[in-house]
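The lines below spell out each chain.
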Amino acid sequence: MLDKRSKRVLWIFGLTLLLILITEIVRPKPIDWRPSYTSVDKIPFGSFVFFEEATSLFKDSEIENIDKDPYSFLVDSTYNKNSAYIFINEELNFDKRQTQILLKYVEKGNTVFISSRSYGNIFQDTLKINLHTSYSVLEEEVTPTFFSPSLKEKQLPKFKKGIFKTSFTAIDTLKTKALGYYDSNKDKLDDLNFIKVKYGNGAFLLHTLPEAFTNYYLLKNNEQYAANLISYIEAEHIYLDEYLKSGRKIVTSPMRFVLNQEPLTWAYYVLICGLIIFVLFKGKREQRIVEVIEPLENTSVEFTKTIADLYFQHKDYSDIIAKKIKYFSETLRAKYFLNTNDITEDLIKKLALKSGNTLEDTQKLMHLIKNLKEKSVHSEADLLALNKQIEEFRL
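Just so it is clear, the structure is predicted and the values come from calculations on it, not from any experiment.

## Structural notes on the overall build of the chain
- The number of helices and strands found in the chain is 14 helices and ten strands.
- Burial analysis of the chain (395 residues in total) assigns 37% to the buried set.
- Put simply, 67% of the contacts in the chain that link residues at least 6 apart link residues at least 24 apart.
- Of the roughly 24900 Å² that the chain leaves accessible, carbon and sulfur atoms contribute 55%.

In structure tokens, the structure reads:
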């Protein structure tokens, strides 16, 4: 069992662990400014708000979230006609296969909307566009707007935190239409940030300010700008990409659902810690049921009885009397250090004194022994008399 000191240590350990868990749960968490753009992230640069409000932005369209690679989705699926595929992320890098499948998709009369600071060299070379991002100027304030007078807002939206200004520096003027720009002192065409590129029967809508669709800016009175961007999409079916995201979590654990939900994660950790504390307290040694073990049989006593019975059945009284006298004499020699070979009055007095028996009883027993030793034939009565006096004599 655990001693008091061990129990005290376990209590202190358990309380400390509980306090740490409570502190972690209730303390304010630092703001996570990492770019994510996923539908589940509520951090500033996640896109939870956009995905939640997608049904109100596309009132007359069916919406489907796609968590597969765009190439796999467009090759393996029978997608709807007159549809639009929307990609929003800080940076995209479409490879050759993805670029080719997107071109085929648009060529058939569909729309691809991309909001990102880059699209990948293969994609950009194919559509004959080029981009430039001003990474040297950190968090430069930009005010995007549209060429269409009907979409211009009285108070232009402002973007600054977490922004890197990206503009189109080259476009295919035969196939491209300028839709939006950054409002500045420069030439409007030098600050293009939103264009439409015709391809086949469809078109690419390319935008360079993905932060416009993040939680941070949608909740800072800039939601109208995002809505105006989306208004250029006319499709009966909308595919929202959830695969090409900076914050896409790849969890291979069977418990990925639990670990992806913060309340369930904390509940799981508390359960594990509780089980550990329970095992520590209940793991102490407890008294088990004592098994009944039969005592070993004294075979020597049984053997002696068997031999005695054998002697008694053969009425060999003399041999039994001789053995009893020998055993008694050996006991006296071992216990009182007396020489019992010759039974004399001096021996009798010493034995009575050392054993605490009366002189009369001692004389009676020792004289009987002396007489029996001198006899050659013995009877049952002699054996009984000897046995009785030896039993009554205190050793």
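## Structural notes on the sheet that holds strand S9 (residues 202-207)
- The mixed open sheet is built from eight strands, whose spatial order is S1-S10-S2-S3-S9-S8-S7-S5. Strands at the two margins of the open sheet, each flanked by one partner only, are strand S1 (62-66) and strand S5 (144-146). Pairwise comparison of adjacent strand axes, ignoring direction, gives a mean angle of 20° for this sheet.
- In the sheet, strand S2 (residues 83-88) pairs with strand S10 (residues 237-241) via four bridges, with the strands oriented parallel. Residue pairing in the sheet places Ser83 in a bridge with His237 of S10.
- Along the sheet face, helix H2 (residues 48-57) touches S1, S2 and S10 and points at about 180° away from the line of S10.
- Set on the sheet, helix H4 (residues 96-107) makes contact with S2, strand S3 (111-115), strand S8 (192-199), S9 and S10; between it and S9 the angle comes to about 125°.

## A closer look at the environment of Asp382
- Mapped onto the fold, Asp382 is located in helix H14 (residues 380-392).
- Given the relative accessible area of 16%, Asp382 is considered buried.
- Each C-alpha atom of the pair Asp382 and Ile321 lies 8.1 Å from the other, and the pair is 61 residues apart in sequence.
- Excluding anything up to four places from it in sequence, Asp382 contacts Ile321, Leu372, Lys375 and Val377.

## Looking at the packing of aromatic side chains
- Under the defined criterion, the tally for this structure stands at 28 aromatic pairs.
- Taking 6.3 Å as the distance between ring centres and 65° as the angle between the ring planes, the aromatic pair formed by Phe113 and Phe194 counts as edge-to-face. With Phe113 in strand S3 and Phe194 in strand S8, this residue pair connects regions lying 81 residues apart in the sequence. Phe194 matches Phe113 in its accessibility class, with the two residues each being buried.
- Cation over ring: Lys42 sits above Phe48, and NZ or CZ is 4.8 Å from the ring centre.

## Some remarks on the pairing of strand S4 (residues 130-133)
- Residues Leu131 and Thr133 of S4 are buried on one face, while the alternating residues Asn130 and His132, pointing to the opposite face, are not.
- Pairing analysis gives four bridges linking S4 to strand S6 (residues 166-170), with the strands arranged antiparallel. Its bridge partner lying in S6, Leu131 is registered against Phe168.

Conventions we followed
- Residues numbered from 1 in each chain as written.
- Predicted model: local features only at pLDDT ≥ 70, side-chain atom pairs only at ≥ 80, totals over all residues.
- Heavy atoms only, no water.
- Helix = DSSP H or I, 4+ residues; strand = E, 2+ residues; numbered from the N terminus.
- Buried < 20%, exposed > 50% of the residue type's maximum accessible area, 1.4 Å probe, protein only.
- Contact = heavy atoms within 4.5 Å.
- Areas by Shrake-Rupley, 256 points an atom, 1.4 Å probe, with all protein chains shown as cover.
- Pairing = 2+ DSSP bridges.
- Axes fitted to C-alpha atoms, helices over the stretch in contact; angles between N-to-C directions.
- Phe/Tyr/Trp six-rings, centres within 6.5 Å; stacked < 30°, edge-to-face > 60°.
- Lys NZ or Arg CZ within 6 Å of the ring centre and 35° of its normal.

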